[in-house]
Structures are given as structure tokens and as C-alpha cells.
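Coordinate inspection notes
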Amino acid sequence: AKNGDKQVMVADGVEGKAYAGVWSPIFSRDAKRLAYWVRPSPDFARQFVVVDGVEGKLYGSPMGGPIFSPDGKHFAYAAIQDGEARTEIVVVDGVECATQSPLLYDPRFGMIDEPMHFTSPTNLLFSGIEINQGKEQRVGISVDIKGANK
């Protein structure tokens, strides 16, 4: 919803904080939790995720999510860290836990549809398409909720 020149997320009739932009809202399956991306300033320079009204860390740009685990206890998203390397990272429950590249974004195709999903309440799967000698193959890595790569 708009509030002057700002945007707000409205859930159950309650208006959230106003930002320059809000998008990609998602509810947990039980509809008790809400997460969405926020652009705090009009210049698109940095964004963050709001989960249950709590603002996360600022990142250079979003790459995927946010998503909730099937039981709604965990959330995850992917973003690009600022800095010279502009590293793609995965954030689970507010903790940076895995580096991703190039599974979430491929310059030949742009954003890969649905690159991340929970395979169980404690495991995330990040998948993408890799082109090798003209043949496509699905690739991915698994990340447990504690942040260790498998």
C-alpha cells in the first residue's frame, strides 16, 4: 500500500513501517509469519528483508526468497554482499551461512526460477542450471539450518 510517497506492508489490517519500496511478501504456511524485501531509500542502492516486523541486515541486492520452512520455524533468502567481490550469500534465520555462486544467478539467463526451497524443516536446497558443452544439467548444493555445507 502507499503512504504518501512511501510504501507500507499491510497485514491483517495493520500497517507496517513506511519505506521507499516493499516487495515479494510471503507468509509462512500457517500464515503466522510474514517476510518481505525492503528498499529503505529511493536509489535502489541497498535492500534488506523484514521478517515478523524485524529488519535484517542491508545488502547490495536481493537474489532469492525470502522463503519459510514448511513448519514456519525458519526463513531463508539469498543476497549479494556489498564490497568489491559482491559475493552472493545465503541467510538462514538472520545468519549468513553459505556462499552461493553461480547457482542463484547466471548472467546468460538472469534469475533462475525458484532457486531455493526447503527440502525438510532443517535443510535448504539451492538449485540452478549449469551449461556444460551445450548440455543443460541441474546442479545444486544442500545447506543445513546450522549453516554447514553438505
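For the structure itself, look to the data block above.
Positions within a chain are numbered from 1, following the residues in the order the chain's sequence is written. Reporting of local features is limited, given that this is a predicted model, to residues whose pLDDT is at least 70; pairs of side-chain atoms are given and counted only at 80 or more, and all residues count toward the totals for whole chains, interfaces and linings. Computation of side-chain values: all heavy atoms of the structure, hydrogens and water removed.

Nonpolar cores are built from buried Ala, Val, Leu, Ile, Met, Phe, Trp, Tyr and Cys residues. Side-chain atoms within 4.5 Å join them into one set. Partly exposed describes any residue whose relative accessible area lies between the buried limit of under 20% and the exposed limit of over 50%, with all areas from a 1.4 Å probe on protein chains only and scaled to the type maximum. Counting 11 residues, the largest nonpolar core consists of Ala 35, Trp 37, Val 49, Val 51, Tyr 59, Phe 68, Phe 75, Tyr 77, Ala 79, Ile 89 and Val 91. By definition, any uninterrupted DSSP run of H or I lasting at least four residues is a helix, any uninterrupted run of E lasting at least two residues is a strand, and each is numbered from the N terminus. Residue contributions to this core peak at 3 residues, all from strand E10 (residues 75-80). Met 9, Val 22, Phe 48 and Val 50 belong to the second-largest nonpolar core, a separate cluster that totals 9 residues.

Ring pairs are drawn from Phe, Tyr and Trp, using the six-membered ring of Trp, whenever the two centres fall within 6.5 Å, and their geometry is named by plane angle: stacked under 30 degrees, edge-to-face over 60, tilted for the rest. Going through the model one piece at a time under the given rule, you end up with 5 aromatic pairs. Ring centres 5.8 Å apart and planes at 80° place the aromatic pair Tyr 19 and Phe 48 in the edge-to-face group. Here Phe 48 lies in strand E7 (residues 48-51) and Tyr 19 lies in the loop between strand E4 (14-15) and strand E5 (21-27), a separation of 29 residues in the sequence. Neither residue differs from the other here; Tyr 19 and Phe 48 are each classed as buried. Judged by centre distance (6.4 Å) and plane angle (5°), the rings of Phe 75 and Tyr 77 are stacked. We note that Phe 75, like Tyr 77, is buried. Within the aromatic cluster, the residues linked to one another by ring pairs are Trp 23, Trp 37, Tyr 59, Phe 75 and Tyr 77.

Salt bridges are counted wherever a side-chain nitrogen of Lys or Arg sits within 4 Å of a carboxyl oxygen of Asp or Glu. Evaluated as defined, the whole model comprises 3 salt bridges. The partner of Lys 17 in a salt bridge is Glu 55, with the nearest N and O atoms 3.1 Å apart. Of this pair, Lys 17 sits in the loop between E4 and E5 while Glu 55 is found in strand E8 (residues 54-55), placing the two residues 38 residues apart along the sequence. Lys 17 gets classed as exposed once you look at its relative accessible area, which sits at 51%. Judged by its relative accessible area of 37%, Glu 55 is partly exposed. The closest approach of N and O atoms between Asp 52 and Arg 33, which form a salt bridge, is 2.7 Å. With Asp 52 in the loop between E7 and E8 and Arg 33 in the loop between E5 and strand E6 (34-39), the pair connects residues that are 19 residues apart, well separated along the chain.

A separate point is the sheet that holds E6. The antiparallel open sheet is built from 4 strands, whose spatial order is E5-E6-E7-E8. In this open sheet, the two strands that pair with only one neighbour each are E5 and E8. DSSP-based pairing: two strands are paired if at least 2 bridges between them are found. In terms of strand pairing, E7 meets E8 through 2 bridges, oriented antiparallel. Bridge pairing links Val 50 to Glu 55 in E8.

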